[in-house]
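# Coordinate analysis (summary)
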2 protein chains.
Amino acid sequence: MVAARAGVSTATVSLVANGKTAGRVSEDNVSRVREAIAELGYVVDGIGSSLAKGVSSVVVLVAPDISNPFFAKVIAGVRDSLGPQYQLLLSVADAGEFPEADDVRRLMSLRPAGLLVDAPNAGFLEDLASPSPLVLLDAPGLEAHAPSVNLDVASGARELAAHLADAGHRQAAYVDSVTGTETFALRREAFLAEAAARGITVGADRIISTTVDVGTAASAFAGAWPAWQRQEVTAVVCSTDTQAYGVLQEARVAGVRIPAELAVAGFDDLPYSATSNPGLTSVHLPAAALGQKAGEQLRRLMEGQPLEMPAVTLESTLVVRGSTAAGS
Amino acid sequence: MVAARAGVSTATVSLVANGKTAGRVSEDNVSRVREAIAELGYVVDGIGSSLAKGVSSVVVLVAPDISNPFFAKVIAGVRDSLGPQYQLLLSVADAGEFPEADDVRRLMSLRPAGLLVDAPNAGFLEDLASPSPLVLLDAPGLEAHAPSVNLDVASGARELAAHLADAGHRQAAYVDSVTGTETFALRREAFLAEAAARGITVGADRIISTTVDVGTAASAFAGAWPAWQRQEVTAVVCSTDTQAYGVLQEARVAGVRIPAELAVAGFDDLPYSATSNPGLTSVHLPAAALGQKAGEQLRRLMEGQPLEMPAVTLESTLVVRGSTAAGS
DNA sequence: CTGAAAGCGCTTACAG
DNA sequence: CTGAAAGCGCTTACAG
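Residues numbered from 1 in each chain as written. Chains lettered and ligands numbered in written order. Predicted model: local features only at pLDDT ≥ 70, side-chain atom pairs only at ≥ 80, totals over all residues. Heavy atoms only, no water.

## Points about the relation of the copies chain A and chain B
Condition: Alignment of copies: least-squares fit on C-alpha atoms of residues with pLDDT of at least 70 in both copies. When checking whether two residues touch, look at their non-hydrogen atoms; a contact exists if any pair is within 4.5 Å.
It takes a turn of 180° to lay chain A on chain B, together with a shift of 0.1 Å along the axis; the resulting RMSD is 0.1 Å. What the superposition gives is, in effect, a two-fold axis relating one chain to the other. In this assembly, 100% of the residues forming the interface of chain A have copies in chain B that are likewise at the interface, indicating an isologous arrangement.

As structure tokens, then:
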């Protein structure tokens, strides 16, 4: 250990580098060691340190869909609350997939300081069996597995149903996501229940599922629209904004006027939704806050502190824009 | 080391686990150890292994913009060629930023097996000074720093200029990106040179720059369009498809017919470009191949093999769609 | 307040 | 072909 050139033992250097000097190292030595560290540009070797401590400084974020503006905001929130002492690394699987049991084992053999898992399914969590602190994001119904930060998508969905009912819609359709993630089931069920309560009909034949992708949603809508039109559907709700963009696009091709003939809405409130024409009505989900809160909770766990609230839920709110403008 | 219960020494277990048994361990012991490993579900501890070997099994991918469908494909390509023995981890900085010198040091203290850096600037590479094998992606002009895999954006840009000239356009405009990444300078210069050679005028006042973002591009176009229209501009080329979406959207708002009054084109050929209406003419960039090739090169480096071709360039091709349909 | 020593879980020359 | 031993770079009780 080169920095031992500061005239002290490696033990002292280690104490200083880890900020554990309180009442254990003399002022004199602290500053001498600090100087030496600065001069030599010394950085504690992560591997050696991890082995001795039994844990690394890496926080692994596992997520099924990285290429999504929503997710980018979640990451920014996590980085914010985690701070610079932890290295945030994203574990990437194929789009929409989770790492397999083998990959997970290899990941765990890196001894991460903590784990953040976004929108997991129960199966993945069982494979995990993580000895590291773990916080779940957007995993409604899985609170029993680990501390979680969730989004109250249901209340936003109900707001949306109320908004459409108020605007006079009576026949609607729903474009769901094929992935089995729980949040999508929640969005759908909350919307359908409130819609029914307010006199909006959404028959089972008017619920279709697509991947979260503009193109697929567009063609699925193109296929379904003729029948829906005959049934006098005047509103389509999509489980994500991305799918709503597909509907919007295809409606334009088919010459359907938005919102006069058809109201369209989604979930997420992606940046594009504010600038599209017409703007897309959407249930705003607080992405940055989701990441931030999850990072905070994980940090507490990693520092051995207890969590006052192991299950946190963040509010969602409806943002009304041109795609459902009243007066239809 | 629990698996030593197989009746052999830890040395033998290590040999088996690392597949270095060739002529050094008896068949008998190999299978006994394999069984024990399977029974106990043993996984080599990454930290211990890394310390002994001096290098971990982690490959770090550093990139400035994660939330981009283009990038998702690059990652898929990298995963493909790297295989399961390396853990691919994404280092995330704030959108459009690179990690700072400090973060880089901390990253390096993890002793990554290799480093992949997408679209870096020269400054970042100097901070890096990586002792690990390093491959650059999409870093034209930086081949001197490290082995690189680049995209031949220039030839695509020239194809695009030729296509527009053939369609009879004489006055054009260019929407550039504000980030100083080299690839954008290349796109612009190649397009401008070829356009000039073919009789298309693009005055300096008809080159604007925006962030890579639908909204900003849309409003920048809205501001510029009146002047361009007076100058009889009939074609706008954007440095990315994302910006082109903004132009398309704003043109629709302004009642400009595409492509009759205005032809629009971009770079990247994102999935949405094929399904939008009209489809967006775009210079196709082979994202998956970029990642795959970079992964291959890095793998060779990590295995100590020499590179036949330290600088690889991948072709780009123009994909013509409705947004520039001939017959304007 | 300080340093010598053990130990974290592995891998790799080195003897045998 | 096999195992005992040293060593990778740190951290942390433990004596002093």
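## Some thoughts on the pattern of salt bridges
A side chain with one charge may pair with a side chain of the opposite charge, provided their charged atoms come close. Residue and element names in this part refer to chain B. Here is the rule we go by: Here a salt bridge means any side-chain nitrogen of Lys or Arg lying within 4 Å of a carboxyl oxygen belonging to Asp or Glu. Using a 1.4 Å probe on the protein chains alone, a residue whose accessible area is under 20% of its type maximum counts as buried, one over 50% counts as exposed, and one in between counts as partly exposed.
Evaluated as defined, the whole model comprises 23 salt bridges over all chains. Here Glu 194 makes a salt bridge to Arg 198, at a shortest N to O gap of 2.7 Å. A relative accessible area of 18% means that Glu 194 is categorised as buried. A salt bridge links Arg 299 to Glu 303, with the shortest nitrogen-to-oxygen separation between them at 3.3 Å.

## Some words on the sheet that holds strand β8 (residues 235-238) of chain A
Residues and elements named next belong to chain A. Quick reminder of the rule: Here, any two strands with at least 2 DSSP bridges between them count as paired. Put simply, DSSP marks the helices as runs of H or I at least four residues long and the strands as runs of E at least two long, and each gets a number from the N terminus on. To obtain each axis, a line is fitted to C-alpha atoms, and for helices this fit is confined to the stretch in contact; angles are then taken between N-to-C directions over 0 to 180 degrees.
Pairing in this open sheet of six strands is mixed, and the strands run β7-β6-β8-β9-β10-β12 from one edge to the other. A strand with exactly one partner marks an edge of an open sheet, and here the two such strands are β7 (207-210) and β12 (317-319). Each strand of the sheet is rotated relative to its neighbour by a mean of 20°, with strand direction disregarded. Sheet topology places strand β10 (residues 281-284) next to β12; three bridges connect them, and they run antiparallel. Residue Ser 282 lies in a different strand from β12, and its bridge partner there is Val 319. Docked against the sheet, helix α8 (residues 182-197) engages β6 (172-177), β7, β8 and β9 (263-268), running at close to 170° with respect to β6. Its contacts with the sheet put helix α9 (residues 214-230) on β6, β7 and β8, and the angle it makes with β7 is roughly 165°.

## What about the protein's contact with DNA strand C?
To keep things clear, this is the line we draw: Consider each residue's heavy atoms; a residue with any of them within 4 Å of a molecule or strand counts as near. Whenever a nitrogen or oxygen atom comes within 3.5 Å of another N or O atom, the pair is scored as a polar contact, on the condition that within protein one atom can donate a hydrogen and the other can accept it, and that pairs from neighbouring residues in sequence are kept only if both atoms are in side chains. Under this grouping Gly is polar, as are all residues other than the nonpolar Ala, Val, Leu, Ile, Met, Phe, Trp, Tyr, Cys and Pro and the charged Asp, Glu, Lys and Arg.
Surrounding DNA strand C, one finds 26 residues, the nearest of these being A:Gly23, A:Ser26, A:Asn29, B:Ser14 and B:Asp45. Among all atoms of DNA strand C positioned within 4 Å of the protein, those belonging to sugar or phosphate total 74%. Note that a phosphate oxygen of DNA strand C is positioned 2.8 Å from one of the backbone N or O atoms of A:Ser26. At 2.7 Å, a backbone N or O of B:Asp45 approaches a phosphate oxygen of DNA strand C. Elements with a minimum of two residues in the surface near DNA strand C: α1 (10-17) and α3 (46-53) of chain A together with α1 (10-17) and α3 (46-53) of chain B. Sorting elements by how many residues they give to the surface near DNA strand C places α3(B) first, with five residues. Here the residues of the surface near DNA strand C are counted per class, giving twelve nonpolar, nine polar and five charged.

## Quick word on the protein's contact with DNA strand D
Close to DNA strand D lie 26 residues; A:Ser14, A:Asp45, B:Gly23, B:Ser26 and B:Asn29 are nearest. Sugar plus phosphate: this is where 73% of the atoms of DNA strand D within 4 Å of the protein reside. Here a phosphate oxygen of DNA strand D sits 2.3 Å away from a polar atom, N or O, in the side chain of A:Ser14. Measuring from a phosphate oxygen of DNA strand D, one finds a side-chain N or O atom of B:Asn29 at 2.4 Å. When residues of the surface near DNA strand D are traced back to their parent elements, those giving at least two are α1 and α3 of chain A together with α1 and α3 of chain B. The greatest single-element share of the surface near DNA strand D, amounting to five residues, is contributed by α3(A). Its residues placed into classes, the surface near DNA strand D shows twelve nonpolar, nine polar and five charged.

## Let's talk about the interface of chain A and chain B
Here is the rule: In this description, buried area is defined as the sum, over both parts, of the accessible area (probe of 1.4 Å) that is lost when the two are combined.
Contacts between chain A and chain B engage 42 residues on the former and 42 residues on the latter. It is A:Ile47, A:Leu89 and A:Val92 in chain A that bury the most area against chain B; as a group they hold 16% of the surface buried on that side. For the interface between chain A and chain B, the tally reads two salt bridges. Between A:Arg111 and B:Asp45 there is a salt bridge, with the nearest N and O atoms lying 2.8 Å from each other. The set of elements that each furnish at least two residues to the side of chain A that touches chain B consists of α3, α4 (69-82), β2 (87-92), α5 (101-108), α9, α10 (241-253) and α11 (271-275) of chain A. By residue number, the principal contributor to the side of chain A that touches chain B is β2(A), which donates six residues. A class-by-class count of the residues in the side of chain A that touches chain B yields 20 nonpolar, 14 polar and eight charged. With three bridges connecting them, β2(A) and strand β2 (residues 87-92) of chain B associate as antiparallel partners. The residue of β2(B) that forms the bridge with A:Leu89 is B:Ser91.

## Some details on the packing of helix α4 (residues 69-82) of chain B against helix α12 (residues 287-302) of chain B
Residue and element names in this part refer to chain B. Inclusion rule: Crossing handedness follows the turn of the near helix against the far one: under a right angle anticlockwise gives a left-handed crossing, and clockwise gives a right-handed one.
Put simply, α4 and α12 touch, their axes get as near as 6 Å, and they point 35° apart. Taken as a pair, α4 and α12 cross one another with a handedness that is right-handed. Across the interface between the two elements, Phe 70, Lys 73, Val 74, Gly 77, Val 78, Asp 80, Ser 81 and Leu 82 of α4 pack against Ala 287, Ala 288, Leu 290, Gly 291, Gln 292, Gly 295, Glu 296, Arg 299 and Met 302 of α12. Residues of the contact of α4 with α12, tallied by class, amount to eight nonpolar, five polar and four charged.

## Details of the domain arrangement of chain A
Definition in use: Each domain's extent is set by a domain assignment, obtained either automatically or from a database.
Taken domain by domain, chain A consists of domain 1 (1-44), domain 2 (53-150 + 287-314) and domain 3 (153-286). A separation of 33 Å is found between the C-alpha centroids of domain 1 of chain A and domain 2 of chain A.

## Looking at empty space enclosed by the protein
In plain terms, the rule: Method remark: on a 1 Å grid restricted to protein atoms, a set of points is classed as a cavity if a 1.4 Å probe fits but cannot get out and as a pocket if it is open with protein on both sides within 12 Å along at least five of seven lines; lining residues have an atom within 4 Å of a point. Grid points are joined across faces, edges and corners, and a volume is the space filled by probe spheres set on the points.
What the rule picks out here adds up to four cavities of 30 Å³ or more. When its volume is computed, the largest cavity comes out at roughly 190 Å³. If you go around the largest cavity, you meet 14 residues; those closest to its centre are A:Gln249, A:Arg252, A:Tyr272, B:Arg252 and B:Tyr272. Where the lining of the largest cavity is concerned, the elements lending two or more residues are α10 of chain A together with α10 (241-253) of chain B.

## Observations regarding unusual backbone geometry
For the bond running from A:Ile258 to A:Pro259, omega is 0°, close enough to zero to count as cis. Backbone geometry places A:Asp138, a non-glycine residue, at a positive phi of 50°. By the secondary structure assignment, A:Asp138 is in the loop between β4 (134-137) and β5 (148-151). Of note in the backbone geometry, B:Arg111 takes a positive phi value of approximately 50° without being a glycine. Classification of B:Arg111 as partly exposed rests on a relative accessible area of 26%.

## Here's the deal with the pairing of strand β8 (residues 235-238) of chain B
Residues and elements named next belong to chain B. Using the following cut-off: When the strands point away from the viewer, a crossover counts as right-handed if the route from the first strand across the helix to the second turns clockwise.
Across the two faces of β8 the burial is the same, with Ala 235 and Val 237 and Val 236 and Cys 238 all buried. As paired strands, strand β6 (residues 172-177) and β8 are joined by four bridges and run parallel to one another. The partner of Ala 172 across the bridge, within β8, is Ala 235. Two strands pair when backbone bridges link them, and β8 and strand β9 (residues 263-268) are joined in this way by three bridges, in the parallel orientation. By the bridge assignment for β9, Ala 235 is matched with Ala 263. As for the winding sense of the linkage, the β-α-β connection from β8 through α10 to β9 is right-handed.

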